[in-house]
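Summary of the model geometry
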Amino acid sequence: MLESISCYDSIGYPILSLVVFLPCIGALFLLFFNSEWIGGIRRFAFGVAIVDFLIALMMLFSFKSGTPAMQFVEKLDWIPSIGASYHIGVDGISVFLVLLTALLGAVTILSTYRAITTQVKEFMICILLLQTTMMGVFVSLDMLLFYLFFEAQLLPMYLIIGIWGSDRRIYSATKMFIYTLVGTFPMVLGLLAVYFNYHDYAIANKLPELFSFDLLTLYNIPIEYTKQLWIFWALFIGFAIKVPMFPVHTWLPDAHTDAPTAGSVVLAGILLKMGSYGFVRFSLPLLPDGVHRFFPVVLMLSGIAILYGVWVAMTQKDMKKLVAYSSISHMGYITMGIFALNSAGITGGVLQMINHGLSTGALFLLVGMLYERRHTRMISEYGGLFKQLPLYTTFFAIAMFSSMGVPGLNGFVGEIMILMGTYNVSSIVAMNVYKAGEIYTVVAVLGILGCAGYLLWLFQRVFLGKVTNPKNKELKDLSGREILTLVPLTVLIFWIGLYPTPFIKRIKPSVDYLVKKKYSLEKLNQPANASAGLLENKGNIVKFANTQEGLNEHSSVMD
């Protein structure tokens, strides 16, 4: 049983619900604003986002490091007849994703002052609603609640691309919608299989609750080996499309290219992480035998995605498409780290989710700022911009080096941990005769070299040399608002790169707990399905789940 800390024991009021639903409340208030009051609408939406970020920051300061416990937990009966509850909480794996969502929400709204000039009220409503749905995914500890948030984000994102995007916006928005919607069909079947597996187990063992969507309870219910295998693929399809992994990635470059800048930042910074987060929160703890059986396939697909993204990015003539394909490559590192199935790899994968959101989000912001000045993203239209835009070039170089994984910046920390975890794959795998760890480490290093190649080549063509295009001679450097947009991301890029301890210290306990419970050598050497664990003390499944007394008596709950 994972530990739980009641929200009242943690901070005194339901801060997590406030963080999640404040943007939604702000969106409802915007409905009553006059559409012509554009300045007031922007200031109100930005104010809501800033307040939400400050509350999330306060939550982080109150977060207790060094424990795998779920914190700020809130649990209320929702639909008791089917075992559904409003159950939310965060641990080291999810707390920074909530904070990143709040930060990027404020940043994207601030970035739209020049980019979004039509239907401003409707755009701000979509952004705020999207922020609530994304946060809901990261805090849900009830499978039904998770699914509803997971699906709900589709509509505002579809509208953001379809209404405020570029020329092919309807095609790209529809493609994204169909891919994601199709992917959720098998995912729903997988979640329902886990749900009814609990029901069968509860009847067989005469448990008091016959139905439950509660994730912390379901972690402790054994699932038959063969059933785990097909549930693994059912969940994998839904999460892989959201990442997106090769070969179900084709919706992403179109969505990025045709989305407005704010949409691209949210898509790269947060939405893609919902898939990789699903692997960590659902696949790994619920299906250890299925994961152990099929993780070599996931490593192979991750390696292909890394090299494929690099290769295609090198051929791009559009800056935004280049950054979009680089996202496919970088997400390959995240899934590779997660499915290394050891502490270093998973911790690096979770940290890299944050790093990717910062560096790629900054790159999309910078490309968007250049597009607002010249209304073109074609690389051939530029050259020598360093002389004309020295401040802009400095911020671009920082984001670029962060994406490359240069030491001293955040990307290096996540990538080195992923490389360490991937190299050590063989130490926990019976198939180490294939030297899988060494092979995929080489693939990952080649991807890093390729990333440096296409980003440095981009930098050379856009910023170095002489200003050959007369249209570029009149460009103005960054404004105060644009600097304010980029500074928070840049500060975090340096902070994580130079002093990652506060982040790792909070992420690692939750990851270590997962690895120890499901992927230790002892667990993996047991017969199939033994690693799922047996509840010898059936009456303690949900006992004291959300009380301090329960936390103190956690050690008495049998696995």
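Rules and cut-offs
- Residues numbered from 1 in each chain as written.
- Predicted model: local features only at pLDDT ≥ 70, side-chain atom pairs only at ≥ 80, totals over all residues.
- Heavy atoms only, no water.
- Helix = DSSP H or I, 4+ residues; strand = E, 2+ residues; numbered from the N terminus.
- Buried < 20%, exposed > 50% of the residue type's maximum accessible area, 1.4 Å probe, protein only.
- Contact = heavy atoms within 4.5 Å.
- Areas by Shrake-Rupley, 256 points an atom, 1.4 Å probe, with all protein chains shown as cover.
- Salt bridge = Lys/Arg side-chain N within 4 Å of Asp/Glu carboxyl O.
- Phe/Tyr/Trp six-rings, centres within 6.5 Å; stacked < 30°, edge-to-face > 60°.
- Lys NZ or Arg CZ within 6 Å of the ring centre and 35° of its normal.
- Expected span 1.5 Å × (residues − 1).
- Patch = residues over 30% accessible without salt bridge, like charges linked within 9 Å, V, L, I, M, F, W, Y side chains within 5 Å.
- Pairing = 2+ DSSP bridges.
- Bend = angle between axes of the 7 residues up to and from the residue.
- pLDDT = per-residue confidence, 0-100.
- Axes fitted to C-alpha atoms, helices over the stretch in contact; angles between N-to-C directions.
- Parallel < 35°, antiparallel > 145°, perpendicular 65-115°, else oblique.
- Nonpolar A, V, L, I, M, F, W, Y, C, P; charged D, E, K, R; others polar.

A tally of helices and strands in the protein chain yields 24 helices and three strands. By residue count, 64% of the 559 residues in the protein chain fall in the buried class. Taking contacts inside the protein chain between residues at least 6 apart in sequence as the whole, the part at least 24 apart equals 80%. For the protein chain, the accessible area works out to roughly 20300 Å², and carbon and sulfur atoms hold 67% of it.

Across all of its chains, the model carries nine salt bridges by this definition. As a salt-bridge pair, Arg 281 and Asp 91 come within 2.7 Å of each other at their nearest N and O atoms. Here Arg 281 is found in helix α13 (residues 273–286), whereas its partner Asp 91 is found in the loop between β3 (84–90) and α4 (95–111), with 190 residues between them in sequence. For Asp 91, a relative accessible area of 3% corresponds to the buried category. Ionic pairing is found between Lys 508 and Asp 512, a salt bridge with its closest N-O pair at 2.9 Å. Linking Lys 508 with Asp 512, this pair stays in helix α22 (residues 501–518), spanning four residues, or about one helical turn. Look at Asp 512 and you get partly exposed, because its relative accessible area is 28%. A single salt-bridge network, built from bridges that share partners, covers Arg 168, Lys 175, Asp 254 and Asp 258.

What follows concerns the packing of aromatic side chains. The geometry of an aromatic ring pair is captured by two quantities: the separation of the ring centres and the angle between the planes. One pass over the structure, following the stated rule, counts 31 aromatic pairs. Arranged with centres 5.1 Å apart and planes meeting at 80°, the rings of Phe 123 and Trp 164 form a pair that is edge-to-face. You can see Phe 123 sitting in helix α5 (residues 120–139) and its partner Trp 164 sitting in helix α7 (residues 154–164), a full 41 residues away along the chain. The exposure class assigned to Trp 164 is buried, which follows from its relative accessible area of 10%. When the centroid spacing of 5.2 Å and the interplanar angle of 80° are considered together, the rings of Phe 232 and Trp 233 count as edge-to-face. By relative accessible area, Phe 232 is classed as buried at 0%. Its relative accessible area of 29% is what places Trp 233 among the partly exposed residues. Members of the aromatic cluster, each reached through a chain of ring pairs, are Phe 146, Phe 150, Phe 232, Trp 233, Phe 236, Phe 239, Phe 279, Phe 282, Phe 294 and Phe 339. The side chain of Arg 461 reaches across the aromatic face of Trp 457, ending 3.7 Å from its centre.

So, on to α4. Compared with an ideal rise of 1.5 Å per residue, which puts 17 residues at 24 Å, α4 spans 25 Å between its outermost C-alpha atoms and is within 8% of the ideal. Judged by how many residues are buried, α4 sits mostly within the fold: 17 of 17 residues are covered.

So, about the environment of Leu 103. Within the secondary structure, Leu 103 sits in helix α4. C-alpha separation for the pair Leu 103 and Pro 488, spaced 385 residues apart in sequence, amounts to 8.4 Å. Every residue in contact with Leu 103, bar those within four places of it in the chain, is listed here: Phe 53, Leu 358, Pro 488, Leu 489 and Leu 492.

Let us look at unusual backbone geometry. A cis amide bond, omega -10°, links Val 243 with the succeeding residue Pro 244. The omega torsion across Phe 246 and Pro 247 is 5°, close enough to zero to call that bond cis. Checked against the element boundaries, Pro 247 lands in the loop between α10 (225–242) and α11 (251–258). A positive phi angle, close to 55°, is found at Lys 206, a residue other than glycine. Within the secondary structure layout, Lys 206 lies in the loop between α8 (169–204) and α9 (215–218). The class for Lys 206 is exposed, based on a relative accessible area of 76%. Even without glycine at this site, His 375 takes up a positive phi of about 55°. Positionally, His 375 belongs in the loop between α16 (343–374) and α17 (385–388).

What follows deals with a nonpolar patch on the surface. Together, Leu 307, Val 442, Val 445, Leu 446 and Leu 449 make up a nonpolar patch on the protein surface, roughly 430 Å² of accessible area in all. Of all the elements, helix α20 (residues 436–463) adds the most residues to the nonpolar patch, at four residues. Looking at the secondary structure, you find Leu 449 in helix α20. By relative accessible area, Leu 449 is classed as exposed at 57%.

Counting buried positions along β3 gives seven out of seven residues, so the element sits mostly inside the fold. Where burial is concerned, the two faces of β3 agree: the one with Ala 84, Tyr 86, Ile 88 and Val 90 and the one with Ser 85, His 87 and Gly 89 are both buried. Taken together, strand β2 (residues 70–79) and the strand that follows it, β3, pair antiparallel across an intervening segment of four residues, in which Gly 83 is found at a positive phi of about 80°.

Now for the pairing of β2. As defined by bridge partners, β2 adjoins β3 across six bridges and the pair is classed as antiparallel. Each residue of the ladder has a partner; that of Leu 76, found in β3, is Tyr 86.

Turning our eyes to something else, we now look at helix α2 (residues 15–30). In a regular helix each residue adds 1.5 Å, so 16 residues correspond to 22 Å; α2 covers 23 Å between its end C-alpha atoms and thus fits that length. Along α2, the helix axis deviates most sharply at Phe 21, where the bend reaches about 45°; the proline Pro 23 sits within four residues downstream. Every buried residue belonging to α2 is among Ile 15, Leu 16, Ser 17, Val 19, Val 20, Leu 22, Pro 23, Gly 26, Ala 27 and Leu 30, and all of these are buried. Taken together, the buried residues of α2 touch α3 (38–62), β2, β3, α4 and α5.

Our focus in this paragraph is the confidence of the model for the protein chain. For the protein chain, mean pLDDT is 86; residues scoring 70 or higher make up 89% of the total. A low-confidence stretch, residues 1–9 (pLDDT under 50), is modelled with 45 contacts involving residues beyond four sequence positions or located in other chains. Below a pLDDT of 50 lies the segment residues 430–434, which in the model reaches three contacts outside its immediate sequence neighbourhood of four places, other chains included.

Next up on the list: the packing of α4 against α16. Orientation of α4 relative to α16, taken along the N-to-C sense of each, is 5°, at an axis distance of 11 Å. Of the possible angle classes, the one that applies to α4 and α16 is roughly parallel. In this structure, α4 uses Phe 96, Leu 97, Leu 100, Leu 103, Leu 104, Val 107 and Ser 111 to contact α16, whose residues at the interface are Met 353, Ile 354, Gly 357, Leu 358, Leu 365 and Glu 372. Classifying every residue of the contact of α4 with α16 by side-chain character gives 10 nonpolar, two polar and one charged.

By secondary structure assignment, the location of Phe 232 is in helix α10. Remark: the alpha-carbon pair of Phe 232 and Gly 290, spanning 58 residues in sequence, is separated by 5.8 Å. Apart from residues lying up to four places away in sequence, Phe 232 is in contact with Leu 287, Gly 290, Val 291, Phe 294, Val 298 and Phe 339.

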